[in-house]
Amino acid sequence: MAETKVHVKISKDGDMTLREVLRKIQEIQAENPDLDVFFDGDMYAICSRPRKVEGKAHK
């Protein structure tokens, strides 16, 4: 399984709007094109993992 990295932990108190979360995801993705950036609802965080190429992860 690919290693997941947490970039931003989001407070459940609503300190970030959905628009801000999406903007941050886009920003992190633009800075790291080799990563798959996503929101993890279980961790309530913006995370990433290496993108897979032809069924294999980058190393």
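Refer to the preceding data block for the structure.
Reading the values: rules and limits
- Residues numbered from 1 in each chain as written.
- Predicted model: local features only at pLDDT ≥ 70, side-chain atom pairs only at ≥ 80, totals over all residues.
- Heavy atoms only, no water.
- Helix = DSSP H or I, 4+ residues; strand = E, 2+ residues; numbered from the N terminus.
- Phe/Tyr/Trp six-rings, centres within 6.5 Å; stacked < 30°, edge-to-face > 60°.
- Buried < 20%, exposed > 50% of the residue type's maximum accessible area, 1.4 Å probe, protein only.
- Lys NZ or Arg CZ within 6 Å of the ring centre and 35° of its normal.
- Pairing = 2+ DSSP bridges.
- Axes fitted to C-alpha atoms, helices over the stretch in contact; angles between N-to-C directions.
- Contact = heavy atoms within 4.5 Å.
- Core = buried A, V, L, I, M, F, W, Y, C linked by side-chain atoms within 4.5 Å.

Asks: Describe the environment of Pro33, with residues and values.
Replies: As for its position among the elements, Pro33 is in the loop between helix H1 (18-31) and strand S2 (35-40). For the pair Pro33 and Pro50, spaced 17 residues apart in the sequence, the C-alpha separation amounts to 9.4 Å.

Asks: So what about the packing of aromatic side chains? Which residues, and what values?
Replies: Tallied over the entire structure, the rule returns 1 aromatic pair. Aromatic pair Phe39 and Tyr44: ring centres 5.5 Å apart, planes at 75 degrees, arrangement edge-to-face. Residue Phe39 is classed as partly exposed on the basis of its relative accessible area of 36%. Given the relative accessible area of 29%, Tyr44 is considered partly exposed. Residue placement shows Lys12 over the ring face of Tyr44; its charged tip is 5.4 Å from the ring centre. The ring centre of Phe38 lies 4.3 Å from the NZ or CZ of Arg49, which sits over that ring.

Asks: Explain the sheet that holds strand S3 (residues 45-50) to me, and be specific about the residues and the numbers.
Replies: Spatially, the 3 strands line up as an open sheet ordered S1-S3-S2, and their pairing is antiparallel. Where the open sheet ends on each side, the last strands, each with one partner, are strand S1 (5-9) and S2. Neighbour-to-neighbour, the strand axes of the sheet open up by a mean angle of 25 degrees, direction not taken into account. Bridge count between S2 and S3: 6 bridges; the pairing is antiparallel. Paired with Leu35 across the strands is Pro50, a residue of S3. Against the sheet, H1 makes contact with S1, S2 and S3, and its axis sits at roughly 160 degrees relative to S2, the strand it touches most.

Asks: Help me get a handle on the nonpolar core, residues and values and all.
Replies: Counting 8 residues, the largest nonpolar core is built from Val8, Ile10, Val21, Ile25, Ile28, Leu35, Val37 and Ile46. Only H1 and S2 provide two or more residues apiece to this core. It is H1 that contributes the most residues to this core, 3 residues altogether. Excluding anything up to four places from it in sequence, Val8 contacts Met16, Lys24, Ile28, Ala45 and Ile46.

Any link to function would need more than the numbers given here.
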